[in-house]
Amino acid sequence: MAGEWHSTACILCSINCGLEVEVEGRRLTRIRGDKQHPGSQGYTCEKPSRLDHYQNGRHRLTSPLRRRADGRYEEIDWDTAIREVAERLVAVRDAHGGEKILYYGGGGQGNHLGGGYSMATRGALGSVFTSNALAQEKTGEFWVDGQLFGKPSCHTTGDYHDAEVAVFLGKNPWHSHGFPRARKVLREIAKDPERALVVIDPRRTETAELADIHLQLRPGTDVFCLSALLAVLVEEDLLDSAFVAERTSGAETLLAALAEVPIADYCARAGLAEEQVRETARRIARAESCSIFEDLGIQQAPHSTLNSYLEKLVYLLTGNFGKRGAMNLHTAFGKLIGGGRSDRRSPVRGEKIITGLIPCNAIPDEILTDHADRFRAALVESANPCHSLADSQRMRQAFEALEFVVVIDVAMTETARQADYVLPAASQFEKWESTFFTLEFPENYYHLRSPLMDPLPGTLPEPEIHRRLVRAMGALDGLDLAPLHEAAAQGLDAFAPAFLAWMGANPAAGRLVPVVLYETLGATLPDGAAAAAAVWGLAQSCALTYPESVRRAGYESGNALFEAILRERSGIVFSVDPYEETWKRLEHPDGRIDLVIPELLEELAAARGEDPQQRDPAFPFVLAAGERRTSTANTIYRDPTWRKKDASGALRMNPEDAARLGIEAGALARVTTKRSSVEAVVEITDTLLPGHVSLPNGLGLDYPDESGSPVVHGVPANELTASEDRDWLAGTPWHKHVAARVEAVA
Ligand code: SF4
């Protein structure tokens, strides 16, 4: 209703700032920051003001779709769609085994709740292999965390609000955020003469413009810059020796390897003045505290897993761990990052599976083969792998080769166009929803969002879609839910023991739990919050895993925590920690940090033989394919009119290169890689070094014109990338380092 403000959250990046929204009919008419939100506290950037472009538009689907023999889609009713999708998935399972059904996605930046319910569908099918965007970004870092701290789920977070020195490595928080109230924090550090902002990035980003020190290294030379920085710490005796002796193991081996690094040579390879690298090492070492944020700039570049290792060694060797202003291990509400050390490998290529995820770049290899263990079908949910993963051409080929594909999404995405069935989901403002980006320390927060309106007619929330699929597959047949219905009717205190007893009697129902909770407890929750039933389970698990942290936040039990989550529509702080708590979260049995990762030290030694300046003469440029800008968001915004500037997503290039190639600002240039060729409008900027060009992320999506025909807007960067260009260990792609040729277009 106009004039009334409703709490929700922004869905455009992992910070999920709290929002207040005024709704008229089905339109989001006014949007502002929610001061009650415990993380963002009223802060927003400029992007969410246009969220109505996501909520309303010609991209919204309003009926399940089935592909006909001629390749066109026809609308079908929900009962038919659910029955046929369930039958087709079960047929694949029965013919080849459930493990041949790949699950991809489970939520973008704002919608993870539906993905939680997918566990039941996957359980009913026996599907065990999954992947999502984390496996093209963060899995290398998670693997390094596992080696250093004991488990990949030992995830660190920086305390940028309190750090004396904040370092951003391949990270431009001005546009990519990554921690609450990012721009405010950056400005505070920049204006405080006692603190320092350090940026290590080949681009002079908006964050670099604010920095005290900007190491503008050549693209792809992070390994040389970081190892030189570490070698300076060793050579100039700038280590926190007491910390290293008391808290770590393997220092002798590591320090011997770092002592071998030729500092002057490596600085030269990175294109940096040696004295600037030395000054950076000294500034970090003398700081009371330092936090470091590594992001896609190094994670999607050559040596990506090694880069993550070296970054972490900088804060560990200077003792910036487990204290205020430094790096700490946080709690988690819901399991976004899987736990134990796993030896699991992908079925065809034997790629390392990290935190349960198959490397995104390996997916085509796991399909386009006659190997008996190849994937035969895929269930894709709130994700668009045929656009957002490397090598779109090959990804499309792979999806075409599958026997059966079903996509659950709000829009007819590039991946949905490869599907046999498309199931239309309600938007993120039409259902109960949340994310599990609970990555903060010392206070961590969780926000369960209530719907602003009913689902668009013809759509369903994902939890209901999964419930119907699981029922249609017959997976709940024979399970007696009556004791749970009875207990739920008596309230949460009666439900908890009844649920434990029921699970004890039905151990095989483990993976079906989300749907069991939805049907039993969910039916009794207020305001139609059935989808929150899975959150009840997570609240119990959170209170058991972190009892002291949850108690310090004011909750004595999982039920008390859940009741607060349901009640507080702007989110709650669910855990509070003293800094020492970090030490209790280390998973190595000796309670120490293991500094030695042998395979990465070998890679470091081998890097000595590399010449980062060496290029194929046919592709002399380094293309960063996917730069975050004010005019880019994730692909949630499909309607191109949300973008007020840079409508087509310009190719940015240095003035020297433009002059040499005879290209003027606003003219068209052709970008060619070994995979493909595209044309883009040129923007000339000295923020990039000569030889370095960039294209924005999130463009190249199609959007229906007035007649309903799809029209592509901007350059789809992954038409240019190749799936084989990836890290040897984690399989993460080199999106920030694509060999390219640029030419003027006549
Ligand atoms: S894009 Fe990110 S930082 Fe900006 S308002 Fe949305 S959640 Fe907050």
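**With respect to the nonpolar core**
By size, the foremost hydrophobic cluster in this structure holds 116 residues, and its most contacted members are Phe 149, Tyr 309, Phe 321 and Ile 593. Considering every element that reaches this core, the biggest residue donor is helix α8 (residues 222-235), with 10 residues. Other than its neighbours up to four places away in sequence, Tyr 309 contacts Val 144, Leu 148, Leu 254, Leu 595, Val 596, Ile 597, Leu 600 and Leu 601. Residues Ala 377, Ala 488, Phe 562 and Phe 574 belong to the second largest nonpolar core, which totals 95 residues.

**Some details on the sheet that holds strand β2 (residues 18-24)**
If you trace the 3 strands from one edge of the open sheet to the other, you get β1-β2-β3, paired in antiparallel fashion. At either margin of the open sheet sits one strand with a lone partner, and together these are β1 (5-9) and β3 (27-33). With strand direction ignored, the average angle separating the axes of adjacent strands in the sheet is 40°.

**Some thoughts on the side chain of Arg 183**
Tracing the backbone through its elements, the reader meets Arg 183 in helix α6 (residues 182-191). Within the structure, the side chain of Arg 183 is placed 3.5 Å from the side chain of His 175, a separation counted as a polar contact.

**So, the domain arrangement of the protein chain**
Interface extent is often summarised as the accessible area lost during association of the parts. Domain annotation of the protein chain identifies domain 1 (5-55), domain 2 (65-128 + 376-435 + 443-576), domain 3 (141-332) and domain 4 (615-744). Taken over C-alpha atoms, the centre of domain 1 sits 24 Å from the centre of domain 2. At the interface, 22 residues of domain 1 touch 22 residues of domain 2. The contact between domain 1 and domain 2 buries some 1,800 Å² in all, and 60% of this surface belongs to carbon and sulfur atoms. Counting the contacts that link domain 1 with domain 2 gives 1 salt bridge. With a shortest N-O distance of 2.9 Å, Glu 430 and Arg 26 are connected by a salt bridge. Where domain 1 packs against domain 2, one counts 10 residue pairs in polar contact (both at pLDDT 80 or more). Mapped by element, the contributors of at least two residues to the side of domain 1 that touches domain 2 are β1, β2 and α1 (52-55). With 4 residues, β1 is the single largest residue contributor to the side of domain 1 that touches domain 2. Here the side of domain 1 that touches domain 2 is composed, by residue class, of 11 nonpolar, 9 polar and 2 charged.

**Considerations on the packing of helix α2 (residues 78-96) against helix α17 (residues 462-472)**
Taken N-terminus to C-terminus, the directions of α2 and α17 make an angle of 55°; their axes are 9 Å apart at the nearest point. It follows from the interaxial angle that α2 and α17 lie oblique. The chirality of how α2 crosses α17 is right-handed. Each of Trp 78, Ile 82, Val 85 and Ala 86 in α2 lies in contact with α17, whose residues at this interface are Ile 465, Arg 468, Leu 469 and Ala 472. For the contact of α2 with α17, the class distribution of residues is 7 nonpolar, no polar and 1 charged.

**What about helix α14 (residues 304-317)?**
Taking 1.5 Å per residue, 14 residues should reach 20 Å; α14 reaches 20 Å between its end C-alpha atoms and fits that length. The element α14 is largely enclosed, with a buried count of 14 among its 14 residues. Looking one or two places after α14, you find Gly 319, whose phi comes out positive at around 75°.

**Here we look at the pattern of salt bridges**
One pass over the full model with this rule turns up 68 salt bridges. With its nearest N and O atoms 3.4 Å apart, the salt bridge here joins Arg 67 to Asp 420. Of the two residues, Arg 67 is situated in strand β4 (residues 65-67) and Asp 420 in the loop between β16 (404-409) and β17 (421-424); the sequence distance between them amounts to 353 residues. On the basis of relative accessibility, which here comes to 15%, the residue Asp 420 falls in the buried class. Residue Lys 431 is joined to Glu 433 by a salt bridge in which the shortest nitrogen-to-oxygen separation is 4.0 Å. Comparing Lys 431 with Glu 433 shows no difference in burial state: the two are buried. Look at the salt bridges and you will find they share partners, linking Glu 235, Glu 236, Glu 274, Glu 275, Arg 278, Glu 279, Arg 282 and Arg 286 into a network.

**Examining the sheet that holds strand β15 (residues 377-381)**
Here 7 strands make up an open sheet; going across it, the order is β5-β4-β17-β16-β15-β6-β7 and the pairing mixed. At either end of the open sheet lies a strand with only one pairing partner, and these are β5 (73-75) and β7 (130-131). Sheet strands in contact with α2 are β4, β6 (101-105), β15, β16 and β17, and its direction is about 130° off that of β17. Its contacts with the sheet put α17 on β15, β16 and β17, and the angle it makes with β16 is roughly 145°.

**Examining the side chain of His 466**
Of note, His 466 is situated in helix α17. Its relative accessible area of 0% is what places His 466 among the buried residues. A polar contact of 3.0 Å, which involves the side chain of His 466, links it to the side chain of Glu 381. When near neighbours in sequence (up to four residues on either side) are disregarded, His 466 contacts Gly 114, Tyr 117, Ser 118, Thr 121, Glu 381, Ile 408 and Val 515.

**Section: the packing of helix α11 (residues 263-270) against helix α12 (residues 274-286)**
Packing of α11 against α12 brings their axes to within 9 Å, and their N-to-C directions diverge by 105°. Accordingly, the angle class assigned to the pair α11 and α12 is roughly perpendicular. Contacts between α11 and α12 involve Ile 263, Ala 264 and Cys 267 from the first element and Glu 274, Val 277 and Arg 278 from the second. Residues that form the contact of α11 with α12 fall into these classes: 4 nonpolar, no polar and 2 charged.

**Here's the deal with the site of the ligand**
Taken together, Cys 10, Leu 12, Cys 13, Asn 16, Cys 17, Thr 44, Cys 45, Pro 48 and His 177 make up the full set of residues adjacent to the ligand. Each residue belonging to the shell around the ligand can be placed in one class, and the counts come to 6 nonpolar, 3 polar and no charged.

**Brief notes about the packing of aromatic side chains**
Counted by the stated rule, this structure contains 22 aromatic pairs. Each ring, one from Phe 243 and one from Trp 583, has its centre 5.8 Å from the other, and the planes form 55°; the classification is tilted. Note that Phe 243 is positioned in helix α9 (residues 241-247) and Trp 583 in helix α24 (residues 581-584), a separation of 340 residues in sequence. Taking the relative accessible area as the measure of exposure, Phe 243 reaches 9% and is therefore buried. Classification of Trp 583 as buried rests on a relative accessible area of 15%. Between the aromatic rings of Phe 321 and Trp 583, the centroid separation amounts to 5.2 Å while the plane-to-plane angle is 80°, which identifies the pairing as edge-to-face. One end of the pair, Phe 321, is in the loop between α14 and β14 (327-329); the other, Trp 583, is in helix α24, and 262 residues separate them in sequence. Judged on exposure class, the residue Phe 321 and its partner Trp 583 are both buried. The rings of Phe 149, Phe 243, Tyr 315, Phe 321 and Trp 583 are connected pair by pair, giving a single aromatic cluster. Against the face of Tyr 103 rests Arg 122, its NZ or CZ located 4.7 Å from the ring centre. Here the guanidinium or amino end of Arg 247 rests over the ring plane of Trp 583, the centre of that ring lying 3.8 Å away.

About the criteria used
- Residues numbered from 1 in each chain as written.
- Predicted model: local features only at pLDDT ≥ 70, side-chain atom pairs only at ≥ 80, totals over all residues.
- Heavy atoms only, no water.
- Core = buried A, V, L, I, M, F, W, Y, C linked by side-chain atoms within 4.5 Å.
- Buried < 20%, exposed > 50% of the residue type's maximum accessible area, 1.4 Å probe, protein only.
- Helix = DSSP H or I, 4+ residues; strand = E, 2+ residues; numbered from the N terminus.
- Contact = heavy atoms within 4.5 Å.
- Pairing = 2+ DSSP bridges.
- Axes fitted to C-alpha atoms, helices over the stretch in contact; angles between N-to-C directions.
- Polar contact = N/O pair within 3.5 Å; in protein donor to acceptor, adjacent residues only side chain to side chain.
- Domains from an automatic or database assignment.
- Buried area = accessible area lost by both parts, 1.4 Å probe.
- Salt bridge = Lys/Arg side-chain N within 4 Å of Asp/Glu carboxyl O.
- Nonpolar A, V, L, I, M, F, W, Y, C, P; charged D, E, K, R; others polar.
- Parallel < 35°, antiparallel > 145°, perpendicular 65-115°, else oblique.
- Left-handed = near helix turned anticlockwise from the far one by under 90°.
- Expected span 1.5 Å × (residues − 1).
- Near = heavy atom within 4 Å.
- Phe/Tyr/Trp six-rings, centres within 6.5 Å; stacked < 30°, edge-to-face > 60°.
- Lys NZ or Arg CZ within 6 Å of the ring centre and 35° of its normal.

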